[in-house]
Amino acid sequence: MLKKLLIAVAVISAGTSSFAQQPDTTDSKVRDDLERALENIDPEDTDMNAEQLTRFLQNLAANPIDINTAGIDDLLQVPGLNLRLARAVLDYRNDVKPFESVDELREVPGIGRVTLDRVRPYVTIETGPGLRALYTDPRYWTSDSEVEFFSRFQRSLQEQEGYRRPDSTGFQGSPVKYYHRLQYSSNHISANLTQEKDAGEPLKGLSGFDYTSWHLALTDNGKLQQMVIGDYSLSFGQGLVLWNGGAFGKGREVIGTVAKKERGIHPYTSSMEANFFRGIAATYGGQFRVNGFYSAQRRSASVINEDTTRFPSDDGMHRTRTEIAKKGSLKQNMAGGRVRLALPFGIIGATGYHTSFNKHIDSGSAVYNAFDFRGRQTSALGVDYKLLLGSTLIFGEGARTKNSGMGLIAGIETPIRNNTGLVIAYRNYQKNFQSVYGAGFGEQSGEPQNEEGIYIGLSHELSSKILVSAYFDQYRFPGPRFGTHQPTQGVDWLGLVEVQLHDDLQLYLQGRGEYEEDEYEVQGPYGRSLRKLDRSRRSSFRLHAEYRVNPRVRLRMRGEWVRSKPPGAPAEQGYLVYQDLRYQPNSRWTFDARVSVFETDSYNSRVYQFENDLLYLFSNTMLYDQGQRLYLLANYEPYEFMEIWAKFGITVFENRQVLGSGLSEIRGNTRSNLGVQVRFVF
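Each value, and the rule that gives it
Residues numbered from 1 in each chain as written. Predicted model: local features only at pLDDT ≥ 70, side-chain atom pairs only at ≥ 80, totals over all residues. Heavy atoms only, no water. Salt bridge = Lys/Arg side-chain N within 4 Å of Asp/Glu carboxyl O. Helix = DSSP H or I, 4+ residues; strand = E, 2+ residues; numbered from the N terminus. Buried < 20%, exposed > 50% of the residue type's maximum accessible area, 1.4 Å probe, protein only. Expected span 1.5 Å × (residues − 1). Polar contact = N/O pair within 3.5 Å; in protein donor to acceptor, adjacent residues only side chain to side chain. Contact = heavy atoms within 4.5 Å. Pairing = 2+ DSSP bridges. Phe/Tyr/Trp six-rings, centres within 6.5 Å; stacked < 30°, edge-to-face > 60°.

Draft legend 1. Seen up close, the pattern of salt bridges. One pass over the structure, following the stated rule, counts 41 salt bridges. Residue Lys250 pairs with Asp492 through a salt bridge whose shortest N-O separation is 3.0 Å. Of this pair, Lys250 sits in the loop between β7 (224-235) and β8 (264-267) while Asp492 sits in strand β21 (residues 488-502); the two residues are 242 residues apart in sequence, bridging distant segments of the chain. With relative accessibility at 12%, the residue Lys250 sits in the buried group. Among the ionic contacts, a cluster of salt bridges with common partners joins Lys250, Arg427, Glu443, Glu451, Asp473, Asp492 and Arg512.

Draft legend 2. Region of interest: helix α5 (residues 83-95). Taking 1.5 Å per residue as the helical rise, α5 with its 13 residues ought to reach 18 Å, and the 18 Å between its terminal C-alpha atoms agrees with that figure. Extensive coverage of α5 is indicated by the burial of 10 of its 13 residues. Of the residues making up α5, those classed as buried are Leu83, Arg84, Leu85, Ala86, Arg87, Ala88, Val89, Leu90, Tyr92 and Arg93. Where α5 begins, the side chain of Asn82 points an oxygen toward the backbone nitrogen of Arg84, at a separation of 3.2 Å.

Draft legend 3. Representation of the side chain of Thr320 within the structure. Topologically, Thr320 is positioned in the loop between β12 (308-309) and α9 (321-326). Owing to a relative accessible area of 8%, Thr320 belongs among the buried residues under this scheme. In this structure Thr320 touches Thr169, Gly170, Phe171, Gln172 and Leu663, once residues within four positions along its chain are discounted.

Draft legend 4. Representation of the pairing of β7. Two elements, strand β6 (residues 211-221) and β7, share 6 bridges in a ladder whose sense is antiparallel. Within β7, the position partnered with Leu218 by the bridge is Met227. As consecutive antiparallel partners, β6 and β7 are separated by 2 residues, and within that stretch Gly222 has a phi angle of approximately 65 degrees, a positive value. Two elements, β7 and β8, share 4 bridges in a ladder whose sense is antiparallel. Each bridged residue has a counterpart across the sheet, and for Ser235 the counterpart in β8 is Gly264.

Draft legend 5. Focus on the packing of aromatic side chains. Applying the stated rule across the entire model yields 28 aromatic pairs. Arranged with centres 6.1 Å apart and planes meeting at 40 degrees, the rings of Phe357 and Phe373 form a pair that is tilted. You can see Phe357 sitting in strand β14 (residues 346-361) and its partner Phe373 sitting in the loop between β14 and β15 (375-389), a full 16 residues away along the chain. Relative accessible area serves as the criterion here: at 6%, Phe357 is assigned to the buried category. Relative accessible area serves as the criterion here: at 6%, Phe373 is assigned to the buried category. For the pair Phe441 and Tyr455, a centre-to-centre distance of 5.2 Å together with 85 degrees between the ring planes defines the contact as edge-to-face. Taken together, the residues Phe441 in the loop between β18 (420-429) and β19 (451-463) and Tyr455 in strand β19 connect sequence positions 14 residues apart.

Right under this line is the structure:
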């Protein structure tokens, strides 16, 4: 199959080399940013809300920021810009002259070729005078208005065990996953309705979707910066108190992802069913801003008894009668706010909230649950800052929860001459720091708790075509974490060399390793099980190349080798090789295809690959054992107001006849899925 694909690529390349259509560079750059952020995330990590980050970047690319009118907060949303560079853009615009082209950003001190390439998909320069109208003028509310509707259908093509059970223990609905969204937006108003049914969930008419989300929002109306009624997300400071919506973490972007860029209050449109608030929220002010929010909603939680539940779950699955019984079993109220002052030399803010539940929350009896939240109410308060001292950015946040747990992150990001960047960050999240809605930078995703570490990142441009970067992160867990009964520690590192041989050929070589203490069981005297501490080791090396044969054909090739040694077990190996093709025969059609070959000794030496997918979907496929994977993705735009996507993926395992387990078990060695999506924009 791989050989046939390579032959097809050669034929296509030869047949299309004479055409002169411009490639879809914006789409490619956005996907590159998503891959940088998401390719190392475990797909089974339910705490990582990758869909919201995907939607954020793709929406930002579809509605780029005008660098001649944008304020500091707008510029800080652009990947590749930090507070220092955003201030430099404003200074150039105000002190020198307005920008005449995006390429003129190269004239801004600190912005080189690499940064400009990161920034380009998300910025623009508007031409012509803007509309000036009073609030009473309908044109004010309808300027740049757009109606978007899209519907998505997905399903696995193999029958799972949950659909074979006729009794109440099986899935209660069809294997179809269905999602649709209707949204109206303009420069100053937004209204949205989102509905979704996961595979296995029952559906009873248009009002019977398992998940429904809605909002009405006012945006950029004088000093009323944002007001949302309905569903919204909150992302403040460095994320120690409140952060939902996804964020960049450790990965190939070693410098610009440690200091978070807050998004504040934002209307919620994602299909993630738990990572949002429902009520009212608003932002008012200019240099000095006040944010306030109130939320009241029902959450899904495992019921222990009439008055006690576990903490609300995030998976959003209600397929079986047991899962359906959890839905809406817990009521939660939450209120809080934030104040923020923008100064010539930085930003200072404070965030706090109080939340209560109608039932007692019990965290469980496992050793690693000892410091988790228990009770009916909790609160958190934090102070954060981003300050500029010359060209050096100083950032951080300190926070405290109701039970006196403390969390802290502090760091600096600074250029060294014109071609080198350095970031150093220290974090200390105490084991009793119960910031249940935080998401601070660190080794563990989700709630910042039970972690201390120091991160050092360095990036250096050897020349205009070679970028070398690396990070080193040493951390420890002061208390037991999942799967352990004692404190542990570890080290994580990455080294990366990116080379642009010419405009159409880029490659990178990446090495990554992690060494972390973990426990394992052995048989002791008298047949008793004893737990021992050892170091687990995982390292990987990757060679990745991208070649644009001509404006219509782009090739990607990757080879990756993984070595994993679990504690108390022998070392394992795994590899992944893939060939990727993107073909754009004309302005209406885009095709993506990939053939992957993988072989690993077990799950411990698993490999990952980021895949192109339907619009707004995140796909980081995990592969292990031995087999091949093929996917085909087509995007067709028959009219300016209509787009259609379709994706088919199939994975064939050579050494397995049963896939998955429990209700997700598939009989056979093949797993395939189909997705179709249509989008209308008027």
